[in-house]
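Topology and contacts: notes
Spelled out from the first residue to the last, the chains are:
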Amino acid sequence: MTSNTGTIGLHIDSGLARITLARAEASNALDVPAKQALLAALRDVAADEDVRAVLLTAAGRNFCVGQDLAEHVEGLRADPATAMRTVGEHYNPVIAALSALTVPVVVAIRGACVGAGLGLALAGDIRVAGAGAKFATAFTGIGLASDSGLSHALVQALGVSRATGLMLLGDRFTAAEAAAWGLVHRVVDDTEVETAAEQLASTLATGPTAAYRQVKRLVRAAAPGLDEALERERLAQEALGATRDHAAAVEAFLSKTRPVFEGR
C-alpha cells in the first residue's frame, strides 16, 4: 500500500509501515492538512492487521519544527479565542493514535526536532537520531506551555526537575544529551539516520510481534495518564492562545524580532 497526500507519505510493505512527514520545504511544520493526513495514516496503519512495525521519518534536513506558525498567526489575527482549538482537534488525536499503536514504532530524527515535533518523536518507542540533531520544547518562547503530550513524556522519561527546566527555559539540547538522558536509543552519523532506523524497524517487523504487543501493553500500564495529560495541555494551550503575550510573540517570531512579554 502506498499513498501520498503531499504532506504525509505512507508506504506499507512486508509488515513495515513507513510514515513520512513530507513538507521538507517548510521543515515539516505541521499545518492542518498535514495533521489531518498524519492522523488518517495512523488510523490506516492501526487497521492493517499485516503491519508489524512502523517507521516514522521525515523528508529534508529537519524532522519537524512543530506547528506551522505562518498558518497559526492567521488564526490568531482572525480570532485568538479559537486559534488553539487545533490542540484538541488535531494534536491530541494524533498523539493518542500514535501512542495507541500496538506494534513497535521507530522514529528517525535529523536536524530540528522541536515543539510538537518533539512530542511526535517521544510518542514513538525507539528513537534514532543524527549526531547533528537539535531538540527543544520551544513553547514558552512564544508564550505557550506545552502540547503533543510533552508534559507527560518528559516527566516520565526525565523526572520532574529536568522536565520542568526544559519546559520553562526551552533550552536546546543535542542528540548526545538526549541519548545520555535516555530520550534517544541510538545516535548515528547524520547520513546514516534513515538506514539505521529502517534496519531497526525491519528487524522488529520480522520479530515476535505478539511479545512486542505485550511489552508495549506493560510499558503503558507502568506509565499511565497520557489521556489526562493531553486534556490538561489542551485547556492550558487554549487559555494561553488567547493572551496578548502569545499573539505578540508569534508576530515577533515571524518578523525575526525579540518578543517582549508583559505577563498578560
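Here the structure is a predicted model, which means the values were calculated and not measured.

Considering the packing of aromatic side chains
Counted under the stated rule, the structure contains 2 aromatic pairs. Plain terms: the ring middles of F135 and F173 are 5.4 Å apart, the flat faces sit at 15 degrees to each other, and that makes the pair stacked. Remark: F173 occurs in strand β9 (residues 173-174) and F135 occurs in strand β8 (residues 134-136); sequence separation between them is 38 residues. Judged by centre distance (5.1 Å) and plane angle (45 degrees), the ring pair of F173 and W181 falls under tilted.

Observations concerning unusual backbone geometry
Positive phi, close to 55 degrees, is recorded for S27, a residue that is not glycine. Along the chain, S27 turns up in the loop between β3 (16-21) and α1 (32-47). Positive phi is not limited to glycine here, since K256 has a value of about 60 degrees. Position of K256 relative to the elements: it lies in the segment after α11 (244-254). Overall, the relative accessible area of 77% leaves K256 in the exposed class.

Re the sheet that holds β9
What the 3 strands build is an open sheet, ordered β6-β8-β9; its pairing is mixed. A strand with exactly one partner marks an edge of an open sheet, and here the two such strands are β6 (112-114) and β9. Inspection of the sheet shows β8 paired to β9 by 2 bridges, in the antiparallel sense. Bridge pairing in β9 links K134 to T174.

A look at the sheet that holds strand β7 (residues 126-130)
What the 7 strands build is an open sheet, ordered β1-β2-β3-β4-β5-β7-β10; its pairing is mixed. Strands at the two margins of the open sheet, each flanked by one partner only, are β1 (2-4) and β10 (186-188). Adjacent strand axes in the sheet meet at a mean angle of 15 degrees, parallel and antiparallel pairs treated alike. In terms of strand pairing, strand β2 (residues 8-13) meets β3 through 6 bridges, oriented antiparallel. The partner of D13 across the bridge, within β3, is L16.

Details of α11
Spacing of three or four residues puts side chains on the same side of an α-helix, whose turn is 3.6 residues. Every buried residue of α11 is accounted for by D245, H246, A249, V250 and A252. One face of α11 carries all of its buried residues, which in axial projection span an arc of 160 degrees. If you follow the buried residues of α11, they end up packed against α2 (69-78) and α10 (226-241). Of the residues trailing α11, K256 is marked for its positive phi of about 60 degrees.

What to know about the nonpolar core
In globular proteins that are soluble, nonpolar side chains generally tend to be buried together. Of all hydrophobic cores here, the largest spans 65 residues; its most connected members are I19, L21, V54, F63, I109, L120 and F135. Ranked by residues supplied to this core, first place goes to α1 with 7 residues. Core analysis: the second largest hydrophobic core is formed by 15 residues, L16, A53, A197 and L204 among them.

Thoughts on the side chain of D147
Looking at the element boundaries, D147 is found in the loop between β8 and α5 (150-158). At 8.2 Å, K35 is the nearest oppositely charged side chain to D147, a buried residue that forms no salt bridge. Each residue touching D147, except ones within four places of it in the same chain, is listed here: V87, A116, F139, E233 and Q237.

Cut-offs used in this document
- Residues numbered from 1 in each chain as written.
- Predicted model: local features only at pLDDT ≥ 70, side-chain atom pairs only at ≥ 80, totals over all residues.
- Heavy atoms only, no water.
- Phe/Tyr/Trp six-rings, centres within 6.5 Å; stacked < 30°, edge-to-face > 60°.
- Helix = DSSP H or I, 4+ residues; strand = E, 2+ residues; numbered from the N terminus.
- Buried < 20%, exposed > 50% of the residue type's maximum accessible area, 1.4 Å probe, protein only.
- Pairing = 2+ DSSP bridges.
- Axes fitted to C-alpha atoms, helices over the stretch in contact; angles between N-to-C directions.
- Arc of directions from axis to C-beta.
- Contact = heavy atoms within 4.5 Å.
- Core = buried A, V, L, I, M, F, W, Y, C linked by side-chain atoms within 4.5 Å.
- Lys, Arg positive; Asp, Glu negative; His and termini not counted.
- Salt bridge = Lys/Arg side-chain N within 4 Å of Asp/Glu carboxyl O.

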